[in-house]
Amino acid sequence: MDPILVLVTEWWWIAPAGAGASALGWAGLRRVRPGQRRLELDAALLDVRRAQEAVTQSRAQLKVARAELLRAQAEKSTPRATAGAVPEARRRLQLAERQARAAVADLKARRAGVQAARATMPTSRGAIEQMPLARLMAEHDELTARWIDYETDAAKAIGFPMMSDARWPPLELFLREYQQASWLRPSARDVRMAPAGYSAYREAVRRATHAFDAAERAARRGTPREIPEPDERSNDWAEVAQDLLDNAQRAIARSSEMWNRVRRDRDRRDERRDERRGDRG
């Protein structure tokens, strides 16, 4: 079995579609580790530093591209000149300019992310489900529920069959991104996680969500791209998709069973407490 399937089995335990929102009540009693509330902010600050490094690197590459263009123009009339050197240097300069503009735009977006992280940082007394990692894992679970809906809802399965075909390129892309997000997902919402790991997991969930949104739009337009002929690679992804679905559905069942067991234990504790109070009265 693919290792990702084992990880999905172990990690995908929240399952809001099966356990319901009430399951968060008992989990919210867990102790919040120091630094959890700052995880989004720390990751955002890390993203800004990386974006600044990317801007510095892109500007250096831009200077190199400009120098190469000047050199190619200067050698145009010399014996050392080669055909197409100037157009090629100009193309590289245009590419470097686009990359530099993109790096600056990304830096601005990352700085805005720091402001948003500061504005939404939970209080130190906040419940575990209010912490950044818990919210991010809830987004991951919501994405999983959206995907499973196309497998379990008969109307959707009939209306959008391509959303169940791992050979369809948009869905195949989603499965790849989803697999990466599942690899990076931590084992629980209250684990200690470094900002770099959180940032990588967050970006993976976002890419998977964007890929799924794109697949949904393509499916609803009713003009899916041509499905390639079955081959070994396609069959492998079809098996991965089916195994992911099977494991997620089993996780839903386990999550519901776990919540029911916790609720029964809590009810028994309440009954014993009431009995003790009655005896004292």
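Residues numbered from 1 in each chain as written. Predicted model: local features only at pLDDT ≥ 70, side-chain atom pairs only at ≥ 80, totals over all residues. Heavy atoms only, no water.

### Digging into the layout of surface pockets
By volume, the largest pocket amounts to about 230 Å³. For the lining of the largest pocket, the leading source of residues is helix α5 (residues 85-120), giving six residues. For the lining of the largest pocket, a count of residues per class yields six nonpolar, two polar and seven charged. (1 Å grid on protein atoms, 1.4 Å probe; cavity = no way out; pocket = protein on both sides within 12 Å on 5 of 7 lines; lining within 4 Å. Points joined across faces, edges and corners; volume = space filled by probe spheres on them. Helix = DSSP H or I, 4+ residues; strand = E, 2+ residues; numbered from the N terminus. Nonpolar A, V, L, I, M, F, W, Y, C, P; charged D, E, K, R; others polar.)

### Structural notes on the packing of aromatic side chains
Using the criterion set out here, one finds six aromatic pairs in the structure. Between the aromatic rings of Y150 and F212, the centroid separation amounts to 6.0 Å while the plane-to-plane angle is 65 degrees, which identifies the pairing as edge-to-face. One end of the pair, Y150, is in helix α6 (residues 132-152); the other, F212, is in helix α9 (residues 195-221), with 62 residues separating them in the sequence. Classification of Y150 as buried rests on a relative accessible area of 1%. Following the ring pairs from residue to residue traces out a cluster consisting of W147, Y150, F160, F174, Y178 and F212. (Phe/Tyr/Trp six-rings, centres within 6.5 Å; stacked < 30°, edge-to-face > 60°. Buried < 20%, exposed > 50% of the residue type's maximum accessible area, 1.4 Å probe, protein only.)

### As for the side chain of R185
Of note, R185 is situated in the loop between α8 (169-184) and α9. A polar contact is formed between the side chain of R185 and the side chain of H140, at a distance of 3.3 Å. Within the structure, the side chain of R185 is placed 3.0 Å from the side chain of D141, a separation counted as a polar contact. (Polar contact = N/O pair within 3.5 Å; in protein donor to acceptor, adjacent residues only side chain to side chain.)

### Observations regarding the pattern of salt bridges
As enumerated under the stated definition, the model contains 18 salt bridges in all. With a closest N to O distance of 3.5 Å, E203 and R110 form a salt bridge. Of this pair, E203 sits in helix α9 while R110 sits in helix α5, and the two are 93 residues apart along the sequence. For R110, a relative accessible area of 23% corresponds to the partly exposed category. Several salt bridges share partner residues, and in doing so they unite E40, D47, D106, R110, R202, E203 and R206 into one network. (Salt bridge = Lys/Arg side-chain N within 4 Å of Asp/Glu carboxyl O.)

### Quick word on the confidence of the model for the chain
Confidence in the prediction of the chain, expressed as mean pLDDT, is 78, and 70% of residues score 70 or more. Counted against residues more than four places away or in other chains, residues 1-29, with its pLDDT under 50, gives 69 contacts. (pLDDT = per-residue confidence, 0-100. Contact = heavy atoms within 4.5 Å.)

### A few points about the nonpolar core
As a rule of thumb, nonpolar side chains are buried together in soluble globular proteins. Counting 18 residues, the largest nonpolar core has M163, W168, F174 and F212 as its most contacted members. Secondary structure elements with two or more residues in this core: α6, α8 and α9. Here this core takes six residues from α9, the largest share from any one element. Setting aside residues no more than four positions away along its own chain, F212 makes contact with L143, R146, W147, Y150, M163 and F174. (Core = buried A, V, L, I, M, F, W, Y, C linked by side-chain atoms within 4.5 Å.)

### Details of the environment of A134
Summarising the element assignment, A134 is placed in helix α6. Overall, the relative accessible area of 3% leaves A134 in the buried class. If near-sequence neighbours (up to four positions away) are discounted, A134 is found in contact with I128, E129 and R189.

### Structural notes on the environment of E75
Position of E75 relative to the elements: it lies in the loop between α4 (39-74) and α5. Residue classification places E75 among the buried residues on the basis of a relative accessible area of 17%. C-alpha of E75 to C-alpha of V86: the two residues are eleven residues apart in sequence and 9.2 Å apart in space. Discounting residues that sit within four places of it in the chain, E75 has contacts with R80 and A81.

### A look at the packing of α8 against α9
Between α8 and α9, the least distance of the axes is 8 Å, while the angle of their chain directions is 160 degrees. Relative to α9, the element α8 lies roughly antiparallel. Once α8 is placed against α9, the crossing between them reads as left-handed. In contact with P170, L171, L173, F174, E177, Y178, Q180, A181 and L184 of α8, α9 contributes A200, Y201, A204, V205, R207, A208, A211, F212 and A215. Taken together, the residues of the contact of α8 with α9 sort by class into 15 nonpolar, one polar and two charged. (Axes fitted to C-alpha atoms, helices over the stretch in contact; angles between N-to-C directions. Parallel < 35°, antiparallel > 145°, perpendicular 65-115°, else oblique. Left-handed = near helix turned anticlockwise from the far one by under 90°.)

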